[in-house]
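Observations on chain architecture
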Amino acid sequence: MSTEQFPPQFLREMIEQLDASIQELARKEKGLAASLGTCRVAELKEYWDHVLTPEEEWELKRTMDFRDRELVWIWSRLKRARTSRANAGEAYMRHLSPAARTNNQS
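Procedures and definitions
Residues numbered from 1 in each chain as written. Predicted model: local features only at pLDDT ≥ 70, side-chain atom pairs only at ≥ 80, totals over all residues. Heavy atoms only, no water. Helix = DSSP H or I, 4+ residues; strand = E, 2+ residues; numbered from the N terminus. Areas by Shrake-Rupley, 256 points an atom, 1.4 Å probe, with all protein chains shown as cover. Phe/Tyr/Trp six-rings, centres within 6.5 Å; stacked < 30°, edge-to-face > 60°. Buried < 20%, exposed > 50% of the residue type's maximum accessible area, 1.4 Å probe, protein only. Lys NZ or Arg CZ within 6 Å of the ring centre and 35° of its normal. Salt bridge = Lys/Arg side-chain N within 4 Å of Asp/Glu carboxyl O. Expected span 1.5 Å × (residues − 1). Polar contact = N/O pair within 3.5 Å; in protein donor to acceptor, adjacent residues only side chain to side chain. Contact = heavy atoms within 4.5 Å.

**Overview of the overall build of the protein**
- A count of helices and strands for the protein gives five helices and zero strands.
- Looking at the protein as shown, the accessible area adds up to about 7500 Å², and 54% of this sits on carbon and sulfur atoms.

**Details of the packing of aromatic side chains**
- Applying the stated criterion across every chain yields a total of one aromatic pair.
- Here Trp48 and Trp75 contribute two aromatic rings whose centre-to-centre distance is 6.1 Å and whose plane-to-plane angle is 55°, an arrangement assigned as tilted. With Trp48 in helix α2 (residues 38–48) and Trp75 in helix α4 (residues 66–96), this pair connects stretches of sequence that are 27 residues apart.
- Judged by its relative accessible area of 25%, Trp48 is partly exposed.
- The exposure class of Trp75 is buried, given its relative accessible area of 9%.
- Of note, Lys45 hangs over the ring of Trp75, and the distance from its end group to the ring centre comes to 5.7 Å.

**Comments concerning the pattern of salt bridges**
- Under the defined criterion, the tally for this structure stands at seven salt bridges.
- Between Asp19 and Arg85 there is a salt bridge whose closest N-O contact spans 2.7 Å. A residue pair is termed long-range when its members are at least 10 positions apart, and Asp19 in helix α1 (residues 8–36) and Arg85 in helix α4 qualify at 66 residues.
- Overall, the relative accessible area of 28% leaves Asp19 in the partly exposed class.

**Some remarks on α4**
- Relative to the 45 Å expected for 31 residues at 1.5 Å per residue, α4 spans 44 Å between its end C-alpha atoms, a close match to the ideal helical length.
- Residues of α4 that are buried: Asp68, Leu71, Val72, Ile74, Trp75, Leu78, Ala81, Ala88, Gly89, Ala91, Tyr92 and His95.
- If you check the start of α4, you find a side-chain oxygen 3.1 Å away from the backbone N of Arg67, and it comes from Asp65.

**Observations regarding the environment of Val41**
- Position of Val41 relative to the elements: it lies in helix α2.
- In the structure, Val41 is positioned 30 residues away from Leu71 in sequence and 8.6 Å away in space, judged by C-alpha atoms.
- For Val41, the residues in contact, after removing those within four places along its chain, are Ala33, Leu36, Leu71 and Trp75.

See below:
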């Protein structure tokens, strides 16, 4: 992501929207994890972290319901949102760096 692609105002707004999305997803994750229970969340976390054997993964997938899939989907969205937030933050910081300000004034 080049800092010249996006004006600082756009990056600030993007960061704010990503922060709000991350907070909302984290809230949903917490509520869903509480309703699923620590044991089930631990099983799903092993699936998410790819530490299960193929047989264990197959068995877990066979027993997954909507809420299990929703939690994995939330983890996926959180991962993407956090990566995007980090990239936008880095681009914004480059806009604020003294070198960028000097280059933009030239």
